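Now for the letters of each chain:
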Amino acid sequence: MLKYLFAVQTVLLLGFYPGSVHSDEIDLPVEILNIDGDPEYGEYLASDCKTCHKSDGGGDSIPNIHGRPKIQLITLLYAYREKIKLNPVMQMQAGRLTNEEIVALAAYFEGLN
Amino acid sequence: MKLDRRNFIGTSAAIAAAMAAPTVMASGKPRVVVVGGGAGGATAARYIAKDSKGAIDVTLVEPTRNYYTCFFSNLYIGGFRSLDSIGHSYGNLATEYGINVVHDWAVGIDRGSKTVTLAGGATVNYDRLILSPGIDFIDGSVEGWSINAQNKMPHAYKAGSQTELLKAQIEAIPQGGVFALVAPPNPYRCPPGPYERVSMTAHLLKYHANNPTAKIIVADPKPKFSKMGLFQEGWGNHYSGMIDWVGSEFGGGNVSVDPDAMTVTIDGEVTKVDACNVIPAMKAGRICEIAGITEGNWAPVSGHTMQSRVDENIHVLGDASAQGDMPKSGYSANSQAKVAAMAVRGALTGSKVFPAKFSNTCWSLVDSNDGVKVGATYEATDEKIAKIDGFVSKTGESADLRKATYEESIDWYSGITADMFG
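Just so you know, the residues in each chain are numbered from 1, in the order the chain's sequence is written. To label them, take the chains in the order written and letter them from A, then take the ligands in the order written and number them from 1. Totals for whole chains, interfaces and linings use every residue, but because this is a predicted model, local features are given only for residues with pLDDT of at least 70 and side-chain atom pairs only at 80 or more, for both listing and counting. Note that water and hydrogens are dropped before the side-chain values are worked out from all heavy atoms of the structure.

S.K.: Summarise the overall build of chain A; cite the residues concerned and give the values.
M.R.: Per the secondary structure count, chain A includes 6 helices and 2 strands. Within chain A, the proportion of its 113 residues that are buried is 55%. Sequence-distant contacts, at least 24 apart, represent 71% of the contacts inside chain A between residues at least 6 apart. Of the roughly 5100 Å² of accessible surface on chain A, a fraction of 54% belongs to carbon and sulfur atoms. In DSSP terms, a helix is any run of H or I states spanning at least four residues, a strand is any run of E spanning at least two, and both are numbered starting from the N terminus. Only protein chains enter the accessibility calculation, which uses a 1.4 Å probe; a residue is then buried when its area is under 20% of its type maximum, exposed when over 50%, and partly exposed in between. What makes two residues a contact is simply this: any of their non-hydrogen atoms within 4.5 Å. Under the convention used here, a 1.4 Å probe and the Shrake-Rupley method define accessible areas, while residue burial counts only the protein chains that appear.

Put into structure tokens, the structure is as follows:
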């Protein structure tokens, strides 16, 4: 396991939903970091995200995730999947993602401006 | 009639031919025609145009120039949104995505020649047809009510002037007067919709119409409904004594109305009402029947591609489809549209096709800053779209969480309408 440390203020900047709890220390399995991620697959998977996440002018409740660094999105999706973070919509959406799909999504969104 | 931007950029002979025979000429590119510009159709048209990068000609047939979303129309009734804020034009789809937007009614489909006939008389050719017409009402499903009575007893289940009319009628209810809502049987568009409407009607009466002694009677043919515990908790908390829900065990399904006398009869008991919202039983938009792809009231589809089980050249989205476990909602239609768009592009241009994934979340507002939600994820099996996982808000949640849920719904509205209309 590889530990990634995030300062609390960095996590808050990611636009967490009110009512969620978060840990500033999330254990990411090292294998997830060795996956390249297929951006084409990520683009298809991302269409589901885009129902709520706008490409511009995202709100306080549902933030804009376009262009976010890959490692941030991997960490967030992993944390929602493992129910470390609490929003039920995001837990549900991330709950069905494999490691490969998480990385594909993160790679795709990182490539957007 | 302006039918196809590209067709009219050509030789004069081609233009003359097009003018003489009102048939949209093939441009050489594969053609997709989408009927219905709501959450399913607008999304499908936009994704096919965007992702095919001009390799597919997309025509969107939608009669209204300004489309009012059914979702969030209850918030207009409650005074939380303006009507303008839930109205959307198709300008971006035409200008930014090159979609040929035709404001007309589709009135005929010839599956043999693969053409759609418009009310204006023209025909449009397709290689793939996407039908996303929403719902129509089953005539005679509520005794005494017909579409001719929709001004006296509005359905307000297709948003726009009907919603405005219903709100005006609720506002005009005299002090201590009676509002009745006749709820529909399953399956129908937006399962929590009638109950959010009850909540928003109560809010309007109590806080905006200065009429907290008015009564709301709900005649329901069902023994239970979506988010029932959450709504009933909220009605007790916010609108105590205002709402009387009559379920099927108490005769709620044995209902008739008299729009001229303004009476509602529930299980033999006649009540004079001051306003009445009749939400009849529903079926797929009529164009599906015309196309001959319905079985019973809905159009069965494969969950893998949203293709009709009757005709593989037709995909059916949203409320009109019979697909399995997904509720009939704008979010569901939007989700299904992306699967269909991918399948259509794959079939017409050979682009990569991935396994279908679907999701849905429905937010409802009970009172100011009191939002609740239900959601699920789905996958395609050979038999149907099958639920994988889901959640629902819990009774007794904190005020902060309910406020956050409401605020989340506002962002969702902004997101999905951007996803539909660009």
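Okay, back to it.
S.K.: Tell me about the sheet that holds strand S12 (residues 215-219) of chain B, and name the residues and values.
M.R.: All names here are of chain B. Between any two strands, pairing holds if DSSP finds at least two bridges. Judged by pairing direction, the sheet is parallel, and its 4 strands sit side by side in the order S13-S12-S11-S17 without closing on themselves. Lying at the two open borders of the sheet, with one neighbouring strand each, are strand S13 (243-246) and strand S17 (275-278). Between one strand and the next, the sheet's axes are offset by a mean angle of 15 degrees, whatever the strand orientation. Pairing of strand S11 (residues 178-182) with S12 involves 5 bridges; the strand directions are parallel. Bridging from a neighbouring strand, Ala-180 pairs with Ile-217 of S12. Helix axes use the C-alpha atoms of the stretch in contact, all axes being lines fitted to C-alpha atoms, and the angles between their N-to-C directions lie in the range 0 to 180 degrees. Along the sheet, helix H6 (residues 193-208) contacts S11, S12, S13 and S17; its crossing angle with S12, the most-contacted strand, is approximately 170 degrees.

S.K.: Give a detailed account of the sheet that holds strand S22 (residues 357-367) of chain B, specifying residues and quantitative values.
M.R.: Residues and elements named next belong to chain B. Ordered in space as S22-S23-S24, the 3 strands form an open sheet in which the pairing is antiparallel. Every other strand in the sheet has two partners, leaving S22 and strand S24 (385-392) as the edge strands with one partner each. Each strand axis lies, on average, 20 degrees off the axis of its neighbour in the sheet, ignoring direction. Packed on one face of the sheet, helix H7 (residues 228-238) meets S22, strand S23 (370-380) and S24 and runs near 15 degrees to S22.

S.K.: Explain the interface of chain B and chain A to me, and be specific about the residues and the numbers.
M.R.: The interface of chain B with chain A comprises 37 residues on the first partner and 25 residues on the second. Here the buried area means the combined drop in accessible surface, using a 1.4 Å probe, for two parts upon being joined, counting both sides. Both faces considered, chain B and chain A share a buried interface measuring about 2500 Å² in area, 57% of it formed by carbon and sulfur atoms. Throughout this description, the term salt bridge denotes a Lys or Arg side-chain nitrogen within 4 Å of a carboxyl oxygen of Asp or Glu. Across the chain B-chain A interface, the total number found is 2 salt bridges. Notably, a salt bridge pairs Asp-38 of chain A with Lys-352 of chain B, separated by 3.7 Å at the nearest N-O pair. N or O atoms closer than or at 3.5 Å make up a polar contact, with two conditions inside protein: a donor-capable atom paired with an acceptor-capable one, and, for residues adjacent in sequence, both atoms drawn from side chains. The interface formed by chain B and chain A holds 17 residue pairs in polar contact (both at pLDDT 80 or more) in total.

S.K.: So what about the domain arrangement of chain B? Which residues, and what values?
M.R.: All names here are of chain B. Those domain boundaries reflect an automatic or database domain assignment. Per the domain assignment, the segments making up chain B are domain 1 (12-136 + 283-353) and domain 2 (140-280). Contacts between domain 1 and domain 2 engage 19 residues on the former and 22 residues on the latter. Across the domain 1-domain 2 interface, the total number found is 2 salt bridges. Here domain 1 and domain 2 share 9 residue pairs in polar contact (both at pLDDT 80 or more) between them. Counting residues per element, the ones that place at least two in the side of domain 1 that touches domain 2 are helix H3 (73-78) and strand S10 (135-137). Among the elements that take part in the side of domain 1 that touches domain 2, H3 stands out by supplying 6 residues, more than any other. All amino acids are sorted into three groups, where Ala, Val, Leu, Ile, Met, Phe, Trp, Tyr, Cys and Pro are nonpolar, Asp, Glu, Lys and Arg are charged, and the leftover types, Gly among them, are polar. Here the side of domain 1 that touches domain 2 is built from residues that sort into 10 nonpolar, 6 polar and 3 charged.

S.K.: Hey, could you go over helix H4 (residues 70-81) of chain A for me, with residue numbers and the actual values?
M.R.: All names here are of chain A. Residue count minus one, scaled by 1.5 Å, sets the expected span of a helix. With 12 residues, H4 should cover 16 Å at 1.5 Å per step; its first-to-last C-alpha distance of 16 Å lies within 8% of that length. Most of H4 is tucked away, with 10 of its 12 residues classed as buried. Of all the positions in H4, only Gln-72, Leu-73, Ile-74, Thr-75, Leu-76, Leu-77, Tyr-78, Ala-79, Tyr-80 and Arg-81 are classed as buried. Two residues or fewer past H4, Lys-83 is found with a positive phi of approximately 60 degrees.

S.K.: Please set out the pairing of S12 of chain B residue by residue, giving values where relevant.
M.R.: Residue and element names in this part refer to chain B. Burial within S12 is extensive, with 4 of its 5 residues counted as buried. In this view, the connection linking S11 to its parallel neighbour S12 by way of H6 has right-handed handedness. With the strands pointing away from the viewer, any crossover whose connection runs clockwise from the first strand over the helix to the second is right-handed. Following the backbone out of S12, through H7 and into the adjacent parallel S13, one traces a crossover that is right-handed.

S.K.: Tell me about the confidence of the model for chain B, and please be specific about residues and values.
M.R.: Per-residue pLDDT for chain B has a mean of 94; in total, 94% of the residues score no lower than 70. Across the chain, each position has a pLDDT score giving the predictor's confidence in that residue, from 0 to 100. Between residues 1-24 of chain B, whose pLDDT stays under 50, and residues either more than four places distant or in other chains, the model counts 34 contacts.

S.K.: Describe the pattern of salt bridges, naming the residues involved and giving the relevant values.
M.R.: Under the defined criterion, the tally for this structure stands at 21 salt bridges over all chains. Between Arg-81 of chain A and Glu-82 of chain A there is a salt bridge, with its nearest N and O atoms 2.9 Å apart. Across the pair Arg-286 of chain B and Glu-289 of chain B runs a salt bridge, and its minimum N-O distance is 3.5 Å. With a gap of 3 residues between them, Arg-286 of chain B and Glu-289 of chain B both fall in helix H8 (residues 286-291), about one helical turn apart.

S.K.: Describe the packing of aromatic side chains, with residues and values.
M.R.: All names here are of chain B. The rule is short: rings of Phe, Tyr and Trp, with Trp giving its six-membered ring, pair when the centres are within 6.5 Å, and they are stacked under 30 degrees, edge-to-face over 60, tilted in between. Applying the stated rule across the entire model yields 19 aromatic pairs over all chains. An angle of 10 degrees between the planes, with centres 3.8 Å apart, marks the rings of Tyr-195 and Phe-225 as stacked. With a gap of 30 residues between them, Tyr-195 in helix H6 and Phe-225 in the loop between S12 and H7 connect regions that are remote in the sequence. Residue Phe-225 is classed as buried on the basis of its relative accessible area, which comes to 8%. A positively charged side chain is recorded as over a ring if its NZ (Lys) or CZ (Arg) lies within 6 Å of the ring centre. The angle to the ring normal must also be within 35 degrees. For the cation-ring pair, Lys-158 lies above Phe-137, with the distance from its terminal atom to the ring centre recorded as 5.6 Å. In this arrangement the basic side chain of Lys-328 is found over the ring face of Trp-298, its NZ or CZ atom lying 3.8 Å from the centre.

S.K.: Describe the packing of helix H3 (residues 39-49) of chain A against helix H6 (residues 99-110) of chain A, with residues and values.
M.R.: Residues and elements named next belong to chain A. Packing of H3 against H6 leaves a shortest axis separation of 7 Å and a crossing angle of 85 degrees. By the angle between their directions, the pair H3 and H6 is classed as roughly perpendicular. Here H3 contributes Pro-39, Tyr-41, Gly-42, Glu-43, Leu-45, Ala-46 and Cys-49 to the contact with H6, which in turn contributes Glu-101, Ala-104, Leu-105, Tyr-108 and Phe-109. When its residues are assigned to classes, the contact of H3 with H6 shows 9 nonpolar, 1 polar and 2 charged. Should an angle lie under 35 degrees it is considered roughly parallel, over 145 roughly antiparallel, and from 65 to 115 roughly perpendicular; all remaining angles are considered oblique.

S.K.: Kindly report on the environment of Asn-369 of chain B, identifying the contributing residues and their values.
M.R.: All names here are of chain B. With respect to the helices and strands, Asn-369 occurs in the loop between S22 and S23. Distance in space between the C-alpha atoms of Asn-369 and Asn-277 is 25 Å, their sequence separation being 92 residues. Filtering out sequence-adjacent residues up to four positions away, Asn-369 remains in contact with Ala-399, Arg-402, Lys-403 and Tyr-406.

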